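Residue strings, one per chain:
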Amino acid sequence: RKEVEQDPGPFNVPEGATVAFNCTYSNSASQSFFWYRQDCRKEPKLLMSVYSSGNEDGRFTAQLNRASQYISLLIRDSKLSDSATYLCVADTGGFKTIFGAGTRLFVKA
Amino acid sequence: GAVVSQHPSWVICKSGTSVKIECRSLDFQATTMFWYRQFPKQSLMLMATSNEGSKATYEQGVEKDKFLINHASLTLSTLTVTSAHPEDSSFYICSVTGLGDYNEQFFGPGTRLTVL
């Protein structure tokens with residue numbers, strides 16, 4: 001089983017739609033969780049951290065479910081510019097972090 | 001967040017040559033940097049943890065004699081791919097961390113290596 005697992009997609013959604021991604025992690029000792037966005041042939045950029053109490057930033061909402069060991073990302077009112085690969089990240093209980101393989105999102109006009 | 005640069009941004013070389021990639025933390029003194037490799041349509045794979053003033057810690061399956069890491073200062077880490085072969089062609093990205101309570105990472109722009 002992969003340490004961090006995501007549905008690779010792709011998710012094809014129209015502009016304005018709401019889309020949700022889930023990610024599961026296997027290490028129960030993980031403490032820090034993040035969502036990164038990666039555009040084609042570019043480096044990942046931090047989208048948001050995921051706190052135990054959840055985290056909302058504009059159209060983006062991240063949730064953590066420790067009991068089931070998954071985190072989620074909700075994107076409301078999708079924009080064309082949201083098209084990218086979204087990487088789920090969990091630490092290993094220490095200093096290192098493990099990246100999921102990413103979920104590809106295409107937002108269509 | 002931290003500003004991280006990498007040089008070169010892309011390189012094409014012949015099989016058997018060595019390639020050095022630099023990672024610089026421009027506004028943050030990074031005691032720890034990470035080196036990742038990403039193949040097309042795959043996720044980032046951690047290669048090694050670069051520690052300032054000491055030896056790097058390599059992940060399982062990564063040859064330390066092939067991928068030489070030097071972290072000589074708090075702002076510079078280098079990755080040298082020795083005797084590169086076509087299968088080493090990949091996107092190499094470095095990152096810095098440790099800015100806050102959470103392990104957010106800030107990435108360099110990456111170096112695209114193509115070995116002919």
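Reference entry: report on the structure contained in this document.

The rules behind each value
Residues numbered from 1 in each chain as written. Chains lettered and ligands numbered in written order. Predicted model: local features only at pLDDT ≥ 70, side-chain atom pairs only at ≥ 80, totals over all residues. Heavy atoms only, no water. Core = buried A, V, L, I, M, F, W, Y, C linked by side-chain atoms within 4.5 Å. Buried < 20%, exposed > 50% of the residue type's maximum accessible area, 1.4 Å probe, protein only. Contact = heavy atoms within 4.5 Å. Disulfide = S-S within 2.5 Å. Helix = DSSP H or I, 4+ residues; strand = E, 2+ residues; numbered from the N terminus. Patch = residues over 30% accessible without salt bridge, like charges linked within 9 Å, V, L, I, M, F, W, Y side chains within 5 Å. Areas by Shrake-Rupley, 256 points an atom, 1.4 Å probe, with all protein chains shown as cover. Salt bridge = Lys/Arg side-chain N within 4 Å of Asp/Glu carboxyl O. Phe/Tyr/Trp six-rings, centres within 6.5 Å; stacked < 30°, edge-to-face > 60°.

1. Topic: the nonpolar core
Then, number 1: In terms of nonpolar packing, the biggest core is built from 25 residues, with B:Trp35, B:Phe67, B:Leu79, B:Tyr92, B:Val96 and B:Leu113 touching the most fellow members.
Then, number 2: Setting aside residues up to four positions removed in sequence, B:Leu79 forms contacts with B:Val19, B:Lys20, B:Ile21, B:Trp35, B:Phe67, B:Leu68, B:Ile69 and B:Tyr92.

2. A few points about the state of the cysteines
Residue and element names in this part refer to chain B.
Then, number 1: Overall, the coordinates contain two disulfides over all chains when judged by the stated rule.
Then, number 2: One disulfide in the model links cysteine 23 with cysteine 94; its S-S distance is 1.9 Å. Given an S-S torsion of about 80 degrees, the disulfide between cysteine 23 and cysteine 94 has right-handed geometry. Taken as a pair, cysteine 23 in strand β3 (residues 19-25) and cysteine 94 in strand β9 (residues 90-97) lie far apart in primary sequence, 71 residues in all.
Then, number 3: For cysteine 23, a relative accessible area of 0% corresponds to the buried category.

3. A closer look at a nonpolar patch on the surface
Then, number 1: Together, B:Trp10, B:Ile12 and B:Leu116 line one region of the surface with nonpolar side chains, adding up to about 390 Å² of accessible area.
Then, number 2: Along the polypeptide, B:Ile12 turns up in strand β2 (residues 10-13).

4. Overview of the packing of aromatic side chains
Then, number 1: By the definition in use, this model includes 11 aromatic pairs over all chains.
Then, number 2: With 5.1 Å between their ring centres and 75 degrees between their planes, A:Phe11 and A:Phe21 make a pair best called edge-to-face. Taken together, the residues span a long stretch of sequence, with A:Phe11 in strand β2 (residues 11-14) and A:Phe21 in strand β3 (residues 19-25) at a distance of 10 residues.
Then, number 3: On the accessibility criterion, A:Phe11 (23% relative accessible area) is partly exposed.
Then, number 4: Overall, the relative accessible area of 1% leaves A:Phe21 in the buried class.
Then, number 5: Ring geometry for A:Tyr36 versus B:Phe107: centroids 5.6 Å apart, planes at 85 degrees, classification edge-to-face. Separated into two different chains, A:Tyr36 in strand β4 (residues 33-38) and B:Phe107 in strand β10 (residues 105-107) make up a pair that spans both. Per residue, the accessibility class of A:Tyr36 equals that of B:Phe107, and both read buried.
Then, number 6: Of the aromatic side chains, those joined through ring pairs into one cluster are A:Phe34, A:Tyr36, A:Phe99, B:Phe34, B:Tyr36 and B:Phe107.

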